[in-house]
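# A look at the structure
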Amino acid sequence: MADAKHADFKIAIVGAGPGGLSAAAQAAAAGIPHVLLESTPALANTIQRYQKGKHVMAEPSRLPLRSPLPFEVGTRERVLERWAEGAKSSKMNLRYKAEVAAITGAIGAFRLELKGKETITAERVVLAIGLQGNPRKLGVPGEEPRTVHYTLDDPADHSGETIIIVGAGDAAIENALALAEANSVVLVNRKDEFSRAKEGNLTAILRAIEKRQIECFYNASVAKIVSGRNSSGKPCIVTLNTARGAAELPTDLIIARLGAVAPRAFVEACGIRFPNDEPDAIPLLKHNYESNVPGIYVIGALGGYPLIKQSMNQGYEVVEHIRGNRVKPADHDLLAEKFAVLGANTEVNITLANLQRAVPLFSHVNPLQFRELMLESTVHRPAAGSVVFEHNDYTNTLYAIFSGTVEVSAGPKRIPIKRGSFFGEMGLLSGRRRTATVLAGEDCVLVEVPRRTMNKLIASNTQVKRLIDEAFIARAVQSRFAPNTPDAVLKQVVAGAQLHTYPAGAVVFSEGDDGDRLHLVRSGSLTVSRQSRNREVVVSYVPAGKYVGEMGLLGGTKRSATVRAAVATETVSIDAAGFALLMQHEPGLREQMQAEMRQRLAANARMEAQPDTGDILSFLMAQGLGEATDVLLIDESLCVRCDNCETACAETHQGTSRLDREAGPTFANVHVPTSCRHCEHPHCMKECPPDAIHRSPNGEIFIADNCIGCGNCERNCPYGVIQMASVPAPQPPIWQWLLFGRGPGPGEHKDPNADPLATKKAVKCDMCSGLKGGPACVRACPTGAAIRIRPERFQQLGDAD
Amino acid sequence: MQRLHFSFLEYRRSRFLWVAVLITVAALIAYARDDAGEPPSGGTTLGYALGILGALLILWLLAYGLRRRSYHASWTTAQGWLSAHVYLGLALVVIVTLHTGFQFGWNVHTFAYALLLLVVASGCWGVWAYLQLPRLITDARGGLTRADMAQQILELDRRALTLARAVSMDVHRWVSSAIEGARTSGGAWAQLRAKDMSTMVIDRNGTAASVPNVDQYTLTELLADLTSRASDAKLASQLQDLLALVSAKVTLMQRMRRDLRLQGLVEMWLLFHVPLSLALLAALIAHVFAVLYYW
Amino acid sequence: MRARIRHVTRAAGGGLERRDIDTTRDIISIGRATDQTIYLADKRVALNHATITAQADGRFRIESLAFGGVSVNGKIKRAAVLDVGDRISIGGYELTIVGAPAGWDLVLTVEQVDVVQISTGKENAGLSTTAWSRRRLSWILFTGTLLFTLALPLLQPGSTGHDATTRIGMPSTAAWSPGPLFPAHSLLAKDCAACHTEPFVAVADAACLACHAQVPAHVPKGHPTTRELSDARCTDCHQEHKEPRQLVDARQRICAECHADLSAHPGISTALRDAADFGNAHPAFALTQWVPDGHGEATKWRSVRDPDDTATPRERSNLKFTHKLHLAPTGIKGPDGKPKILACADCHRGDPAGRLMLPVRMESDCRECHKLVFDANAPTREVPHGSPALVQMTLEEFYSRQFLNEAMDAVAGGKAARDARRPGRAIELTPAQRAQAADRAHRQAQTVAGDLFERRACANCHEIIKTDGADADGPRYDVEPVRLTTRWMPKAAFSHLTHRDAECGLCHRAAGSEVAQDVLLPTIEDCRGCHAGDTGLGRKGQRIVSGCMMCHGFHVTGTGAMADQ
């Protein structure tokens, strides 16, 4: 205990968030001299900023909580209250308003300099400072601390002032609402909507703007600030770049709420290194959360664990590590459970290591992340010959082969996949149905990784992305063209292959170019159009999994048509050389291609014959139906506007219609109402905190009951088909309405005196998966105007049978 | 490739047309080959049979109103029901006519029969409306939803008000009172005739008077007059802009009224069909009651 | 006071526009009327809504003239003293008191915070939102129809007049009548309840029998069949309210139900044989005729329905006659001795109605030829066509006179002398002479009578019974009584009238008949020559549809009244 002499504490914990509190509590419980330093006057600053009464979740729910502090699902107030009690009862050494300016020294003797010249020494330091604390700056000419603030301490301080609030986040909105009481508030929003706001805030702010309590400028930004005397008598005049040009506003105060970034500077000042320069990069950590600086540990959001429960567990674990106790991570038992199917009761860590070693894909993942991944994943040990997934299933998980082999049966052929590699990436990437059936081989062990987890990994890990892409290309080529080609040759071809990403509308190649590459659509979709009677006619639609450009390769001629990306699209292209190689090794490939080419030529000719079909097609593509998998279309020459479809939808879905018949564009009597298209890569699935949005095997995207009403999906859907709905008013029996008009009648659920801020849940079209006989909207249409179809059938629309 | 959309008449290759034809032919044959030893009427065995069949059909056809609103019904589609509703409704005429045995008179029974014919006639009108009007509606809308039009009108109003304020207080009063008095819709009759019920308030020697303002005519007149007498160029151009806004609004309002009118026409036949069907139900009850009461 | 009214407008894109209006009025009036100082175009604002006036202390006071009051800083007030920063909202407008710069008493901004939304969108689209509610119309029509077609008629049952409405124009139950009544019943049309005695109960026989009490039944009372027939109702066959009017349901099915197979109906014991259809399921005609029992005066006549349906039934009327002789194509010796050709009508006559034939009568039908003369010397004298006793008396009387005259001539010396004698001088005959003449006359009569009865007149047609008496008054003659059958088929209705255009011989084959016993009625086959069954035009060619009802009726005379059963 020599160190104890010249160190005030054994552990200094920075940041009284969930992690910090938990660590401190654990230290206190273990009787370790410690200090918990919190820069703000309250604990759990981040949670404090939550909107009032927010429902705080305890994800991952499977994970047990192992902290002396209590924590369970509940309202923000309840959670904070419990922690406050816990902090008191645990007798932890907690210091408010103690902001750490710098950390120097090394293990055993760290010096923490607090603002206000005080210095604390500690043997070990635990950084539990979340991501809050250093706001993004406004950074415009004329900016002065006097006129530009980044926080709002107390709304009551201001009255009768003109205040500009910059930002569209919750903080900005909450400030604006608070200030609007006594001031004239102008909100400056960089976008044309409040995409980052929580649903409650959103409705509140929109209502305020509608009522003109708050003036809002969309697509606007602060251009410059001119302070000093002026006619208006206000301290400064702010010039805004608005959608309608510049606007000058005499202003008292500007409050910028532009979110926060990781306090990287501070962290790096402590000597901690980041792997790359991405803004969202995470410091490299050991399994015991120790950073590259011995003695400094990083937990919580800063360490890449945004979830409360994780941070709290880490708080406990890190202290135990420091005490020298080997703690099994909280997820140990869960993982052990998962690995039970493997039979051999090997140590979890070893199994994990084996897995990482066995599967190259995983070898690039850092151990902690891999644990996370495994927690989400499942381990299968299917019987030999049993089906892993069926052709045309709508599942989109990725499988890795831990041991044994599997067989892909694409058509008559059987392609084996060896140990250590993975499969299912097609479904994962294209978001379309499975392209083949996969059968388990002799005693194989598979790891199934859910789409969400995998996408997270791909997004954050470039190597993983590369591996998957390569595999995808190889498989795509193999299954499409070259089942019998030896891998060596395949490798060459793949080497020549390229991955392209096109934004919606981008040209892949245009009529008259030299055709040298064949494009295989990986995700999204393409439209093929041709110049005819000096205007462009769309002649066909190429969904993910199909390819274009083979004509160019075969004939080596010029492109006969222009190909565009209907939506954001990824393609894999093979060059002529590579393709020639394939055709050498694949007898009959040429014939096959020529046959398909003939078919396509015929189809194109037919389509050109009836240009309006092409027009309809391009119209539909313009509506973003390129990424759809199932669309509701209304033939307005049949639709009598009875709105029975909406009513039916409302009636079959707790009183809220998931479709808006009238809204949406029309072309040549084809009307695209506002209704879910069940995109191949649903935008709504992004950022769903409880991961409540799923795609069922039949293909429909649905929202599970564990929706918490955060409203992310509503904002993320570019087609506005998701709404936040509250509980409907009770309905009398139908006959009472028919006879006496006792309401609410069919579809008239809107409760006039329903509280707009009441807890709502996201609702969207689920294709009436609960009902027999298909979507209610279609079945309720008396005239047959409403139909739901797959994009593959769009070309039939123009046909007059 | 065959079409994706089928009207309710073509539902499942018009299967219900054939059902209806079948029933009709069967009824006709039975009627032709019937030997009752008495003149044909509702009283013969066949008469009763046809009568019961007809009554059941009527009840079933009435049930369509319920089926259309029972959205959880999993088997059959509303389209199928409508298709059947139309075709069997037509077959009903034949069946009931045979039921009468062409014995008519000034009595409840013939009254019920007449009602039936009226109901079916209004139904045919409905079929026509359902097949013809939707296209017109689409054309009339010109790709705008009614909400869009309202929004645009609102926007025009805002700009007009601003402009008007810039011109003079009087003009502002005209414009705002015209906005105040603008009407796109109205009573059923107004809707069907697409009549403009708009009014505005003008200043008649010091007192406010509300005058009709069809297609903003009054307002336009006032503004035009002012423009012609406008002294400086700025004022003139402002008034020009104002007039432009007003005429734009007029176009929108006309389009909106036309839309409402078509919508009304699509619904109008129901104003006859439904109440008459209910009357028919009543008459049917009376008919059956009378027959049984004086058996 | 000097007041500046600043109208503020926020452009849609943002930015403010101002327009100042200065006034020196002492009272600033606020309202929707065009003459107001501050004119607010909003239907929620009253024409003259409020006024702002200066107070002694230099502050300003707003007073609401409208019922609604004004809202000052969010509170509804009738009147309020205003300070800088106060916000007055009226309708969609907001007035704010701004600090007044030097030279001004009052500065306030007027801003329209929400433009009046013109009526639009879904809320008032479509007719359903107007007064024309389908539901309302439906209710009206439904209840109305029910009232006029059901309720009102029920309120006045036994209504007056067969017109669909009562005198006061209200619909009556007569409006329920599906059709006109048979003329004979038109009286009843005024009173539905006359026949429809009980609601919801089919018209009962009682109603019919109330008038038609005497209609004969189908079978006599107590007949085993009555039970079978008990559930038969008048209305089964007699339907009313039909057009074209028709009172009898003549379908032979109704008869055939039982008569096709009587044996199948237990308890029926009848001589009737099964008959289902005249065309193909009808027994041969069974004749009913008078049959003599005993002889002479003792003869009793029985009507017998041909006991054994032999192919050729024999007639038993005790008359001797041959049609062959009379209808001989060469003719028969007429009264004047010349041959005469006879037709049926020379001897047979129909009844006045022309339905049945009258029985042949000696006096009217035969006498012309068959004269009953007996003495060649007296060709004009005949015996009466009467009892044998009368005939003999006639002969006695005739010959007595002849022989007495002869005797007197002998006494007077010749006929001339007897005729020339003086009056008062009688020719006296002796009793012996008288007895002799009487005796001769008696013997002569005997001889002639024998001749008449046994050979000449009577025996031609009649069966003669001769009984030898005492020698004194000679043999005694009797004639078997004669009774001709006039209705051979009493259960069937036949009329010669309807067949009058046909040759008699078509049905009655008389020409070849040599014996009187021949019954010359047509057989069923003869009838079927023209009459098919109910099935209509028979298999071979056009024939007359003849259901049961053509010859037979349901109500059989002599079975007693329906009412009694």
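Residues numbered from 1 in each chain as written. Chains lettered and ligands numbered in written order. Predicted model: local features only at pLDDT ≥ 70, side-chain atom pairs only at ≥ 80, totals over all residues. Heavy atoms only, no water.

### Examining the overall build of chain B
Convention followed: Comment: elements are numbered from the N terminus, with helices defined as DSSP H or I runs of at least four residues and strands as E runs of at least two. Throughout, radius of gyration means the C-alpha value; the globule benchmark is 2.2 Å times the number of residues raised to the power 0.38. Using a 1.4 Å probe on the protein chains alone, a residue whose accessible area is under 20% of its type maximum counts as buried, one over 50% counts as exposed, and one in between counts as partly exposed.
Scanning chain B for helices and strands turns up nine helices and two strands. In chain B, the order of α-helices and β-strands from amino to carboxyl end is α-α-α-α-α-α-α-β-β-α-α. Computed over C-alpha atoms, the radius of gyration of chain B comes to 29 Å, more than 25% over the 19 Å expected from 2.2 N^0.38 for 295 residues, which places it beyond the range of a compact globule. Projected onto the principal axes, the alpha-carbon positions of chain B cover approximately 100 × 55 × 30 Å. Across the 295 residues that make up chain B, the buried fraction comes to 54%.

### Here we look at the overall build of chain C
Keep this limit in mind: We call two residues in contact whenever any of their non-hydrogen atoms come within 4.5 Å of each other.
Helix and strand counts for chain C come out as 15 helices and 20 strands. At a minimum sequence separation of 6, the contacts of chain C that also span at least 24 residues come to 45%.

### A short note on the environment of A:T378
All names here are of chain A. Under the convention used in this document: Polar contacts, as counted here, are pairs of nitrogen or oxygen atoms within 3.5 Å of one another; within protein the pair requires one atom able to donate a hydrogen and one able to accept it, and residues that are adjacent in sequence qualify only if both atoms are side-chain atoms.
Looking at the secondary structure, you find T378 in strand β18 (residues 378-380). Taking the C-alpha atoms as reference points, T378 and S510, 132 residues apart in sequence, are found 45 Å from one another. A distance of 3.5 Å separates the side chain of T378 from the side chain of H380, its partner in a polar contact.

### Observations concerning the side chain of B:Q103
By secondary structure assignment, the location of B:Q103 is in the loop between α3 (78-100) and α4 (108-141). In this structure the side chain of B:Q103 is engaged in a polar contact, spanning 3.0 Å, whose partner is the backbone oxygen of B:P40. Not counting residues up to four positions away in its chain, the partners in contact with B:Q103 are B:P39, B:P40, B:S41, B:T110, C:H241, C:K242 and C:E243.

### Things to note about the interface of chain B and chain C
For clarity, the cut-off: Reported buried area values correspond to the accessible surface (1.4 Å probe) lost by two parts on association, with both partners' losses combined. We count a salt bridge whenever a side-chain nitrogen from Lys or Arg sits within 4 Å of a carboxyl oxygen from Asp or Glu. Gly is placed with the polar residues, together with every amino acid not listed as nonpolar (Ala, Val, Leu, Ile, Met, Phe, Trp, Tyr, Cys and Pro) or charged (Asp, Glu, Lys and Arg).
Taken together, the 73 residues of chain B in the interface contact 64 residues of chain C. Between chain B and chain C lies a buried interface of about 6,000 Å² when both sides are counted; carbon and sulfur atoms form 63% of it. On the chain B side of the interface with chain C, the three residues burying the most area are B:R165, B:Y293 and B:Y294, jointly 12% of the side's total. Our count for the contact surface shared by chain B and chain C stands at zero salt bridges. In this structure, the connection of chain B to chain C is made through five residue pairs in polar contact (both at pLDDT 80 or more). Every element with two or more residues in the side of chain B that touches chain C is listed here: α4, α5 (146-167), α6 (169-181), α7 (188-193), β1 (199-204), β2 (207-212) and α9 (233-293) of chain B. The element contributing the most residues to the side of chain B that touches chain C is α9(B), with 22 residues. Considered class by class, the residues forming the side of chain B that touches chain C number 42 nonpolar, 18 polar and 13 charged.

### Quick word on helix α10 (residues 348-358) of chain A
Residues and elements named next belong to chain A. Note the threshold: Arc definition: directions from the helix axis to the C-beta atoms.
Among all positions in α10, only V348, T351, L352, L355, Q356 and A358 are buried. Along the axis of α10, the buried positions cluster into a sector of 170 degrees, meaning they face one direction only. Among the structural elements, α9 (332-339), α11 (360-363), α12 (367-376), β20 (398-403) and β25 (445-449) are those in contact with the buried residues of α10.

### What about a nonpolar patch on the surface?
Put simply, the rule is: Residues enter patches when they are more than 30% accessible in relative terms and free of salt bridges; like-charged ones are connected within 9 Å and nonpolar ones (Val, Leu, Ile, Met, Phe, Trp, Tyr) within 5 Å. Only the protein chains shown count as cover for residues, and the accessible areas themselves come from Shrake-Rupley with a 1.4 Å probe.
A grouping of B:Y48, B:I52, B:L56, B:L59, B:V288, B:L292, B:W295 and C:F200 is seen on the molecular surface, where their side chains present a nonpolar patch of about 760 Å² in accessible area. Residue contributions to the nonpolar patch peak at four residues, all from helix α2 (residues 45-67) of chain B. Within the element layout of this structure, B:L56 appears in helix α2.

### Focus on the pattern of salt bridges
Applying the stated rule across the entire model yields 46 salt bridges over all chains. Taking the shortest distance from any N to any O, the salt bridge between A:D514 and A:K558 comes out at 2.5 Å. Residue A:D514 is found in the loop between β27 (507-509) and β28 (517-523), and its partner A:K558 is found in the loop between α17 (550-555) and β32 (562-565); the two are separated by 44 residues along the sequence. Note that C:E454 is salt-bridged to C:K466, the shortest N-O span being 3.1 Å. Pair noted here: C:E454 is in helix α12 (residues 431-455) and C:K466 is in strand β19 (residues 464-467), with a separation of 12 residues, a long-range link. Look at the salt bridges and you will find they share partners, linking A:K465, A:D469, A:R522 and A:E570 into a network.

### Focus: helix α1 (residues 11-32) of chain B
Residue and element names in this part refer to chain B. This is how it is decided: Here, expected helix span is obtained from the residue count minus one, scaled by 1.5 Å.
Taking 1.5 Å of rise per residue, the 22 residues of α1 would be expected to cover 32 Å, and the 32 Å separating its terminal C-alpha atoms lies within 8% of that figure. Along α1, the positions that sit buried rather than exposed are Y11, S14, F16, A20, T24 and A27. Taken around the axis of α1, the buried residues stretch over an arc of 120 degrees, which confines them to a single face. Exposed residues lying more than 90 degrees from the buried face of α1 are R13, W18, L22 and A32.

### A few points about the sheet that holds strand β23 (residues 422-423) of chain A
Residue and element names in this part refer to chain A. In plain terms, the rule: We treat two strands as partners when DSSP finds at least two bridges between them.
The four strands lie next to each other as β18-β25-β20-β23, forming an open sheet whose pairing is antiparallel. Both outer strands of the open sheet, β18 and β23, are each paired with one neighbouring strand and no more. Bridging between β18 and β25 involves three bridges; their strand directions are antiparallel. Considered in β25, the bridge of V379 is made with V447.

### Focus on unusual backbone geometry
The phi dihedral of A:K97 falls on the positive side, at around 50 degrees, and the residue is not glycine. Topologically, A:K97 is positioned in the loop between β5 (94-95) and β6 (100-106). You will see that B:D215, though not glycine, has its phi angle at about 50 degrees, which is positive. Structurally, B:D215 is set in the loop between β2 and α8 (217-229). The exposure class assigned to B:D215 is partly exposed, which follows from its relative accessible area of 30%.

### A word on the side chain of C:S138
Within the secondary structure, C:S138 sits in helix α1 (residues 134-155). Accessibility expressed as a relative area gives 9% for C:S138, which makes it buried. Here the side chain of C:S138 touches C:R134 through a polar contact of 2.7 Å, landing on its backbone oxygen. Dropping the residues within four chain positions of it, C:S138 is found in contact with B:V274, B:P275 and B:L278.

### As for the confidence of the model for chain B
Low-pLDDT stretches of the model should not have their predicted coordinates read in fine detail. Heads up, the condition is: Values of pLDDT, which run from 0 to 100, indicate the predictor's confidence residue by residue.
A residue-level look at chain B finds 99% of positions with pLDDT of 70 or above and a mean pLDDT of 88. Here α5(B) is the element of chain B with the lowest mean pLDDT, 80, and α3(B) is the one with the highest, 95.

### Points about the pairing of strand β14 (residues 300-305) of chain C
Residue and element names in this part refer to chain C. With six bridges joining them, strand β13 (residues 288-293) and β14 adopt antiparallel strand pairing. The residue of β14 that forms the bridge with V291 is R302. Where β13 hands over to β14, the hairpin turn is made up of six residues, of which G294 adopts a positive phi near 85 degrees.

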